[in-house]
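Inside the fold
Okay, here's what each chain looks like letter by letter:
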Amino acid sequence: MLSFGQRNIGIDLGTANTLVYIEGKGIVLREPSVVARNTQTNEVVAVGEAAREMIGRTPGSIRAIRPMRDGVIADYDTTVAMLKYYLEKSLGGRGQKPFVTIGVPSGVTTVEKRAVIDAARVAGARDAYVIEEPFAAAVGAGLPVMEPTGSMVVDLGGGTTDVATISLGGIVSSRSIRKAGNALDEAIINYIRKEYNVTIGEQTAERLKIEIGSADVEAAKALDGAQARGRDLVSGLPKTITVTAEDVAIAIKDVVSEIIIAIRETLEETSPEIAADVIDHGIVLTGGGAMLKHLDDVISESTKVPVFIAPEPLDAVAIGTGEALKSIDALRKTK
């Protein structure tokens with residue numbers, strides 16, 4: 001194990017948010033994965049929360065960019081700029097070159113993994129390693145991943161949902177689908193446009209999802225609604241509407257169904273022994289999507305398996321990448 005002075009860092013480089021874990025300190029940074037650039041000079045204007053606030057509000061000369069798409073790098077140069085900013089901010093700008101472990105979706109290609117490693121090196125890492133997000137999430141959730149017993153984790157991020165069964169330090173079966181938090185937001189935007197003739201922004205859709213979103217349409221009928229402001233498609237003027245929780249549940253129903261299908265398919269691929277372990281220990285949900293109301297109940301009803309939400313679902317992948325640094329020799333061999 002490397003010394004604390006070398007500042008080993010674990011990063012959950014997500015489509016929606018980036019979390020940074022420093023060995024010995026825990027999670028030290030939690031910011032949106034957004035960068036604002038001046039399109040004329042290519043200069044970085046803002047990163048993180050400050051850049052996120054600019055989405056939909058920038059003049060023509062400034063563009064707010066999400067450089068990660070579906071869990072992988074979509075804009076390499078912007079990702080490098082974002083990583084460099086977050087590394088310097090996490091380390092206090094002292095010019096240290098840390099060893100970095102970064103979580104990636106389970107379905108990424110070798111080329112996509114290499115892009116993440118190269119971006120981290122260019123951003124200032126001494127060396128970089130990747131770890132599959134469902135495995136990192138299982139570690140962060142405290143599951144017995146190194147033992148001869150099967151565990152199942154569902155990591156619901158911004159761009160991807162990763163489903164995996166894990167035993168003896170490896171992934172036994174897995175699925176990675178591009179249906180997660182962002183797809184839920186898009187579904188809400190599309191539903192409100194169709195049903196109310198009002199277009200809302202992605203931040204408003206995310207707020208509705210968090211405040212009144214439910215995976216169960218029937219259960220949503222007992223929840224209060226919420227106001228949403230947008231633009232009337234008929235008059236073109238600003239308009240405030242009241243959206244019911246049932247509206248949101250209906251809007252996201254298809255996305256939730258696709259997530260459940262991925263979970264069922266992963267279970268169907270597992271051996272009888274691991275399936276028995278999963279029945280005994282349950283399915284663990286991590287990621288921001290795990291906090292969607294009634295999602296655990298809906299998954300449990302569909303799979304007939306107990307479902308639990310990790311103690312710190314938002315932090316599980318970041319904690320897992322940080323814990324992986326304790327086995328850095330094994331990471332080097334894997335690399």
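- Per an unreviewed UniProt entry, the protein chain goes by the name Cell shape-determining protein MreB and belongs to Periweissella fabalis.
- As its UniProt record puts it under Function (unreviewed entry), the protein chain is described as follows: "Forms membrane-associated dynamic filaments that are essential for cell shape determination. Acts by regulating cell wall synthesis and cell elongation, and thus cell shape. A feedback loop between cell geometry and MreB localization may maintain elongated cell shape by targeting cell wall growth to regions of negative cell wall curvature."
- What the UniProt record of the protein chain gives under Sequence similarities (unreviewed entry) is the line "Belongs to the FtsA/MreB family."

Overview of the overall build of the protein chain
- When its secondary structure is counted, the protein chain shows 12 helices and 18 strands.
- At 20 Å, the protein chain has a C-alpha radius of gyration in line with the 20 Å of a compact globule built from 335 residues.
- Reported as C-alpha extents along the three principal axes, the dimensions of the protein chain are approximately 60 × 55 × 30 Å.
- Here the protein chain holds 335 residues, and the buried ones make up 52% of them.
- The long-range share in the protein chain, meaning contacts at least 24 apart out of those at least 6 apart in sequence, stands at 61%.
- Accessible area for the protein chain stands at about 15000 Å²; split by element, carbon and sulfur atoms hold 50% of it.
- Averaging the positions of the 36 positive and the 45 negative side-chain charges in the protein chain gives two centres separated by 7 Å.

Looking at the packing of helix H8 (residues 245–269) against helix H10 (residues 295–303)
- Packing of H8 against H10 brings their axes to within 10 Å, and their N-to-C directions diverge by 45°. Between H8 and H10, the crossing angle belongs to the class labelled oblique. When the axes of H8 and H10 are compared, the crossing they make is right-handed. For the pair H8 and H10, contact is made by Val-256, Ile-260, Ile-263, Arg-264 and Leu-267 and by Leu-295, Val-298, Ile-299, Ser-302 and Thr-303, respectively.
- Looking at side-chain class alone, the contact of H8 with H10 contains seven nonpolar, two polar and one charged residues.

Thoughts on helix H11 (residues 316–324)
- Burial analysis of H11 places seven of its nine residues in the buried class, which makes it a mostly covered element.
- By the burial criterion, the buried members of H11 are Ala-316, Val-317, Ala-318, Gly-320, Thr-321, Gly-322 and Ala-324.

Some remarks on the domain arrangement of the protein chain
- Per the domain assignment, the segments making up the protein chain are domain 1 (8–135 + 316–332), domain 2 (143–179 + 259–314) and domain 3 (181–252).
- Just the C-alpha atoms count here: the centres of domain 1 and domain 3 sit 30 Å apart.
- Across the boundary between the two partners, domain 1 contributes six residues, which contact four residues of domain 3.
- Taking both partners together, domain 1 and domain 3 bury about 450 Å²; carbon and sulfur atoms supply 26% of that area.
- It is Arg-52, Ile-55 and Arg-66 in domain 1 that bury the most area against domain 3; as a group they hold 68% of the surface buried on that side.

Looking at unusual backbone geometry
- Positive phi outside glycine occurs at Leu-168, with the angle close to 50°.
- The residue Leu-168 is located in the loop between strand E12 (161–167) and strand E13 (170–177) in this model.

Focus on the pairing of E13
- With seven bridges connecting them, E12 and E13 associate as antiparallel partners. What sits directly across from Thr-161, in E13, is Ile-177.
- Between the antiparallel neighbours E12 and E13 lie two residues, among them Leu-168 with a positive phi of about 50°.

Examining the sheet that holds strand E5 (residues 44–47)
- Strand order across the open sheet formed by three strands is E5-E4-E6, with antiparallel pairing between neighbours. Of all strands in the sheet, those bounded by a partner on one side alone are E5 and strand E6 (62–65). Mean inter-strand twist for the sheet, computed between neighbouring axes without regard to direction, equals 20°.
- Across four bridges, strand E4 (residues 35–38) lies against E6 in antiparallel orientation. Bridge assignment links Arg-37 to a residue of E6, and that residue is Arg-63.
- On top of the sheet, helix H2 (residues 76–91) reaches E4, E5 and E6; it is set at about 120° to E4, its chief contact.

As for the UniProt feature "binding site: ATP" (unreviewed entry) in the protein chain
- Following the UniProt record, one finds the feature "binding site: ATP" (unreviewed entry) at Thr-15, Ala-16, Asn-17, Gly-158, Gly-159, Thr-160, Glu-206, Arg-207, Leu-208 and Lys-209. Among the annotated residues just listed, those lining the largest pocket are Thr-15, Ala-16, Asn-17, Gly-158, Gly-159, Thr-160, Glu-206 and Lys-209.
- Take Glu-206: it is sitting in helix H6 (residues 202–212).
- Its relative accessible area of 22% is what places Glu-206 among the partly exposed residues.

Rules and cut-offs
Residues numbered from 1 in each chain as written. Predicted model: local features only at pLDDT ≥ 70, side-chain atom pairs only at ≥ 80, totals over all residues. Heavy atoms only, no water. UniProt positions renumbered as here; feature names shortened; annotations may be inferred. Helix = DSSP H or I, 4+ residues; strand = E, 2+ residues; numbered from the N terminus. Rg over C-alpha atoms; globule rule 2.2 N^0.38 Å. Buried < 20%, exposed > 50% of the residue type's maximum accessible area, 1.4 Å probe, protein only. Contact = heavy atoms within 4.5 Å. Areas by Shrake-Rupley, 256 points an atom, 1.4 Å probe, with all protein chains shown as cover. Lys, Arg positive; Asp, Glu negative; His and termini not counted. Charge placed at Lys NZ, Arg CZ, Asp CG, Glu CD. Axes fitted to C-alpha atoms, helices over the stretch in contact; angles between N-to-C directions. Parallel < 35°, antiparallel > 145°, perpendicular 65-115°, else oblique. Left-handed = near helix turned anticlockwise from the far one by under 90°. Nonpolar A, V, L, I, M, F, W, Y, C, P; charged D, E, K, R; others polar. Domains from an automatic or database assignment. Buried area = accessible area lost by both parts, 1.4 Å probe. Pairing = 2+ DSSP bridges. 1 Å grid on protein atoms, 1.4 Å probe; cavity = no way out; pocket = protein on both sides within 12 Å on 5 of 7 lines; lining within 4 Å.

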